[in-house]
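# Understanding the architecture of this molecule
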Amino acid sequence: MNQDIITKKPVNMKEEKDKNGEKHSGFKEARDLMVSSQIITRGIKDERVIAAMQTVPREIFVPAEYSSSAYEDRPLPIGMGQTISQPYIVALMTESLELSRDMKVLEIGTGSGYQSAVLAEIAKEVYSVEINKELFNRTGKILASYPNIKLSNHDGSTGWERYSPYDRIIVTAAPSDIPEAYYGQLKEGGIMVIPVGPSSWSQELYKIIKTAGRIKRVKICEVAFVPLTGKGRW
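Residues numbered from 1 in each chain as written. Predicted model: local features only at pLDDT ≥ 70, side-chain atom pairs only at ≥ 80, totals over all residues. Heavy atoms only, no water.

### Some thoughts on helix 4 (residues 87-96)
Under the convention used in this document: Using a 1.4 Å probe on the protein chains alone, a residue whose accessible area is under 20% of its type maximum counts as buried, one over 50% counts as exposed, and one in between counts as partly exposed. Under the DSSP-based scheme used, a helix requires at least four consecutive residues in state H or I and a strand at least two consecutive residues in state E, with every element numbered from the N terminus.
Buried residues dominate helix 4, accounting for nine of its ten residues. All of the buried residues in helix 4 are Pro87, Tyr88, Ile89, Val90, Ala91, Leu92, Met93, Thr94 and Ser96.

Next comes the structure, spelled out in structure tokens:
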């Protein structure tokens, strides 16, 4: 059975960070350095993506024992065999979506919730699916301050048909091939960003563009993601 959460009680994240400024002052400096040294210098140009990366407090999306490493140039474990992606990969995937403020985005693999929060800073609505119940419950609490994120605990390999079609789809786990359901839930003219390949270092990140019923694949780079799990067809 699907379990949905609609996030409520909007919180001004900037005010919340200011309120805890003394506690998190070092993180703000680390966040600014991450953006300047890892994001901008590698070619990320979209000002909305850069602003989102400067705004979202990555340290709250990692386990406490890794908070001091939150802005390092690498993925980090978040438990249950899952990871939070390297900051640059989050920025690259987000920029590749070519987002605008009026868009509805489907995210497969909520994970830590960090990518969800970055998307929510730019897009109108984010629909995010997480198959792991424990991770879903934990991340739902962290994302409660984002009123434009809707979460569901179900098998993401079948997408989330209830709210389809989507302007954009982003997948944060790698299937061996792209599930058929994703094509059907992507709007005409839509873009999907997804890693594809076996559970190894040989995966490839693709930008999928749907135009006039035809699918165009553009390779972005090589990546390493956790495998997509579920019963969907691919």
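### Here we look at the pattern of salt bridges
Convention followed: Any Lys or Arg side-chain nitrogen found within 4 Å of a carboxyl oxygen on Asp or Glu counts as a salt bridge.
Counted under the stated rule, the structure contains ten salt bridges. Put simply, Asp167 and Lys187 hold a salt bridge, and the shortest N to O gap is 3.2 Å. Taken together, the residues Asp167 in strand 7 (residues 166-171) and Lys187 in strand 8 (residues 186-196) connect sequence positions 20 residues apart. Take Asp167: its relative accessible area is 15%, and that puts it in the buried class. Using a relative accessible area of 33% as the deciding quantity, one classes Lys187 as partly exposed. By sharing partners, the salt bridges in this structure join Glu204, Lys219 and Glu222 into a single network.

### A few points about unusual backbone geometry
Residue Pro165 is reached from Ser164 by a cis peptide bond, and omega for that bond is 5°. Relative to the helices and strands, Pro165 resides in the loop between strand 6 (149-153) and strand 7. Here the phi dihedral of Glu98 falls at roughly 55°; this positive angle occurs in a residue that is not glycine. Here Glu98 shows up in the loop between helix 4 and strand 4 (104-108). The phi angle at Ala212 is positive, at roughly 50°, despite the residue not being glycine. Here Ala212 is to be found in the loop between strand 9 (203-211) and strand 10 (214-223).

### Observations concerning the environment of Gly79
Tracing the sequence through the fold places Gly79 in strand 2 (residues 76-79). Residue classification places Gly79 among the partly exposed residues on the basis of a relative accessible area of 31%. Sequence separation of Gly79 and Ser112 is 33 residues, and the distance between their C-alpha atoms is 9.4 Å.

### Details of helix 3 (residues 47-55)
To keep things clear, this is the line we draw: Within 3.5 Å is the distance limit for a polar contact, defined as a pair of N or O atoms, with the added protein rule that one can donate a hydrogen and the other accept it, and that residues adjacent in sequence qualify only through two side-chain atoms.
Buried within helix 3 we find Val49, Ile50, Ala52, Met53 and Thr55. Put simply, Asp46 is the residue that caps the front of helix 3, since its side-chain oxygen is 2.9 Å from the backbone nitrogen of Arg48.

### A look at the packing of helix 4 against helix 5 (residues 114-122)
Working note: a packed helix pair is described by the angle between its axes plus the distance between those axes. The test is simple: Structural elements are reduced to axes, namely lines fitted to C-alpha atoms, with helices fitted over the stretch in contact, and the angle between N-to-C directions of any two is expressed from 0 to 180 degrees. Convention used here: angles under 35 degrees read as roughly parallel, angles over 145 as roughly antiparallel, angles from 65 to 115 as roughly perpendicular, and any remaining angle as oblique. Crossing handedness: left-handed means the near helix sits turned counterclockwise from the far one by under a right angle, and right-handed means the same turn made clockwise. By definition in these notes, contact holds between two residues if any of their heavy atoms fall within 4.5 Å. Residues are grouped as follows: Ala, Val, Leu, Ile, Met, Phe, Trp, Tyr, Cys and Pro are nonpolar; Asp, Glu, Lys and Arg are charged; every other residue, Gly included, is polar.
The interhelical angle for the contact between helix 4 and helix 5, taken along N-to-C directions, is 40°, at an axis separation of 11 Å. Here helix 4 is positioned oblique relative to helix 5, judged by the angle of their axes. Crossing of helix 4 against helix 5: the hand is right-handed. Contacts between helix 4 and helix 5 involve Val90, Met93 and Thr94 from the first element and Tyr114, Gln115, Val118, Leu119 and Ile122 from the second. Residue classes in the contact of helix 4 with helix 5 are distributed as six nonpolar, two polar and no charged.

### Description of the nonpolar core
To keep it simple, the criterion reads: To form a nonpolar core, buried Ala, Val, Leu, Ile, Met, Phe, Trp, Tyr and Cys residues must be joined to one another through side-chain atoms within 4.5 Å.
Judged by nonpolar contacts, the single largest core of 48 residues is most densely connected at Ile44, Met53 and Tyr114. Taken together, the elements giving at least two residues each to this core come down to helix 2 (21-39), helix 3, strand 2, helix 4, helix 5, helix 6 (133-142), strand 6 and strand 8. Setting aside residues no more than four positions away along its own chain, Met53 makes contact with Arg31, Met34, Val35, Ile39, Pro87, Val90, Ala91, Tyr114 and Val118. Formed by 20 residues, the second largest nonpolar core is a distinct cluster that contains Trp160, Tyr163, Ile178 and Ile194.

### Things to note about the pairing of strand 8
Put simply, the test is: We treat two strands as partners when DSSP finds at least two bridges between them. For crossovers, right-handed means that the path from the first strand over the helix to the second runs clockwise, given strands pointing away from the viewer.
The buried count for strand 8 comes to eight of eleven residues, which makes it a mostly enclosed element. One ladder, built from four bridges, connects strand 7 with strand 8; its direction is parallel. Note on strand 8: the bridge partner recorded for Arg168 is Ile191. The parallel pair strand 7 and strand 8, bridged by helix 7 (residues 180-185), forms a crossover whose chirality is right-handed. Bridge count for strand 8 against strand 9 is six bridges, and the pairing is antiparallel. Bridging across to strand 9, Pro195 finds its partner in Leu205.

All quantities given are derived from atomic positions and should not be read as evidence of function.
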